[in-house]
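Secondary and tertiary structure notes
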Amino acid sequence: MKVIAINGSPRKDWNTATMLRHALQGSADRGAFTELIHLYELDYRGCSSCFACKTLGSPSYGRCAQQDDLAPVLRRIEEAGALILGSPIYFGQVTGEMRSFLERLLFPYLRYSREKRSLFPRKMDTAWIYTMNCPEAAIKDAGYDRVFAENERLLKMIFGGSCFTLTSHETLQFADYGKVDADMFDPAGRKARHEQVFPRDCERAYELGARLAQNISRGLPS
Ligand SMILES: Cc1cc2nc3c(=O)[nH]c(=O)nc-3n(C[C@H](O)[C@H](O)[C@H](O)COP(=O)(O)O)c2cc1C
């Protein structure tokens, strides 16, 4: 069994990637094989609207026909036991690369049918991990709760299992706040938060990864 995590941040060692690594460690400690994929290392585009995945009798029916760096990743996800998607919030959404990835991941499985909506061959649990500047208390006012709910709905519709969401707020954005034009932030507060709160967020990510792996090994939709 394998748990795959997808990093939608351009930064390979910052907040989102760190949370994902903790999640995968949780999975590995429950016996799962794990893989972390950085989207920004890959050369790919979003859905090209070719509809090969929807064409009846096409060799690509239910699969993305675009042959680029994402093609082998999508094949590995089809074999995975669980999938974790991580993204920073950029302008109230996931990053552009994560969005393009989602188009390529989800659209081939989506059926334009009133009955069975997904061609994904089994049930798979999934999770979202988001990191952001936005304080937890401001999530509703910013409308992010609706973004998170919609992203959960999409993954549940396509993959059929449970979808969990984990968020980390007021993350450390800059290594040195003194060097950037960002006077709306309190650098000391951010640093303290990074030392005190972020490790707890990482523990929650670890628990999430462990739970996903446990559910696979028990054969349970959670
Ligand atoms: C282009 C860009 C847009 C951003 N937009 C938002 C935003 O709309 N809301 C927010 O809370 N944080 C925003 N942020 C902050 C990031 O979400 C935050 O720093 C995140 O933890 C970065 O993740 P990383 O450390 O994994 O790269 C933005 C950052 C960048 C670079």
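Everything below is about the structure shown above.
Quick caveat, the model's predicted, so the values are computed rather than measured. (Residues numbered from 1 in each chain as written. Predicted model: local features only at pLDDT ≥ 70, side-chain atom pairs only at ≥ 80, totals over all residues. Heavy atoms only, no water.)

**As for empty space enclosed by the protein**
Put simply, the rule reads: We place a 1 Å grid over just the protein atoms. Points where a 1.4 Å probe fits but has no way out form a cavity, open points with protein on both sides within 12 Å along at least 5 of 7 lines form a pocket, and any residue with an atom within 4 Å of a point lines it. Grid points are joined across faces, edges and corners, and a volume is the space filled by probe spheres set on the points. Strands here mean DSSP runs of E at least two residues long; helices mean DSSP runs of H or I at least four residues long; both are numbered from the N terminus. For this classification, the nonpolar set comprises Ala, Val, Leu, Ile, Met, Phe, Trp, Tyr, Cys and Pro, the charged set comprises Asp, Glu, Lys and Arg, and every other residue, Gly included, is treated as polar.
Evaluated as defined, the whole model comprises two cavities of 30 Å³ or more. In this model, the largest cavity occupies a volume close to 110 Å³. Lining the largest cavity are 15 residues, and of these C47, C50, C53, C64 and F107 lie nearest its centre. By volume, the second largest cavity is sized at about 40 Å³. S168, H169, E170, T171, L172, R190, R193, H194, V197, F198 and D201 together form the lining of the second largest cavity. Looking at the lining of the second largest cavity element by element, the count peaks at three residues for helix α6 (residues 187-196). Residue composition of the lining of the second largest cavity, by class: three nonpolar, four polar and four charged.

**Examining the environment of S27**
Among the structural elements, S27 can be located in helix α1 (residues 15-28). Between the alpha carbons of S27 and L56 there is a distance of 38 Å; along the sequence they are 29 residues apart.

**What to know about the pattern of salt bridges**
Which entries qualify depends on this criterion: Between Lys or Arg on one side and Asp or Glu on the other, a salt bridge is scored when a side-chain nitrogen of the former is within 4 Å of a carboxyl oxygen of the latter. Buried means the residue's accessible area, taken with a 1.4 Å probe over protein chains only, is under 20% of the maximum for its type, while exposed means over 50%, and partly exposed covers the values in between.
The final tally for this structure, using the stated rule, is eleven salt bridges. For D68, the salt bridge is made with R104, and the minimal N-O distance between the two is 2.9 Å. Of this pair, D68 sits in the loop between β2 (33-38) and α2 (70-79) while R104 sits in helix α3 (residues 96-106); the two residues are 36 residues apart in sequence, bridging distant segments of the chain. Both residues of the pair, D68 and R104, count as buried. Put simply, E150 and R153 hold a salt bridge, and the shortest N to O gap is 2.9 Å. In this pair, E150 and R153 both sit in helix α5 (residues 144-159), three residues apart, roughly one turn of the helix. A single salt-bridge network, built from bridges that share partners, covers K2, E35 and R76.

**Examining a nonpolar patch on the surface**
Condition: A residue counts toward a patch only above 30% relative accessible area and without a salt bridge, and it is joined to like-charged neighbours within 9 Å or, for Val, Leu, Ile, Met, Phe, Trp and Tyr, to nonpolar neighbours within 5 Å. Each accessible area value is a Shrake-Rupley result obtained with a 1.4 Å probe; residue values ignore everything except the protein chains displayed when judging cover.
On the surface, a cluster of nonpolar side chains totalling about 400 Å² of accessible area is made up of Y40, Y90 and F91. With respect to the helices, strands and loops of the structure, Y40 is situated in the loop between β2 and α2. Residue class for Y40 comes out partly exposed when judged on its relative accessible area of 32%.

**Here's the deal with the sheet that holds strand β3 (residues 82-88)**
Our working definition: In this scheme, strands are said to pair when DSSP sees at least two bridges between them. An axis is simply a line fitted to the C-alpha atoms; with a helix, the fit covers only the stretch in contact. Between two such axes, the angle follows the N-to-C directions and lies from 0 to 180 degrees. We call two residues contacting when some pair of their heavy atoms lies within 4.5 Å.
With parallel pairing, the five strands of this open sheet are ordered in space as β2-β1-β3-β4-β5. The open sheet has two edge strands, β2 and β5 (160-168), and neither has a second partner. Direction aside, the axes of adjacent strands within the sheet are offset by 15 degrees on average. The pairing of strand β1 (residues 2-7) with β2 spans six bridges and is parallel. Note on β2: the bridge partner recorded for A5 is L36. Here α5 sits on the sheet in contact with β3, β4 (124-131) and β5, set at roughly 155 degrees to β5. Running over the sheet, helix α7 (residues 198-217) touches β1, β3, β4 and β5 and is turned about 170 degrees from β5.

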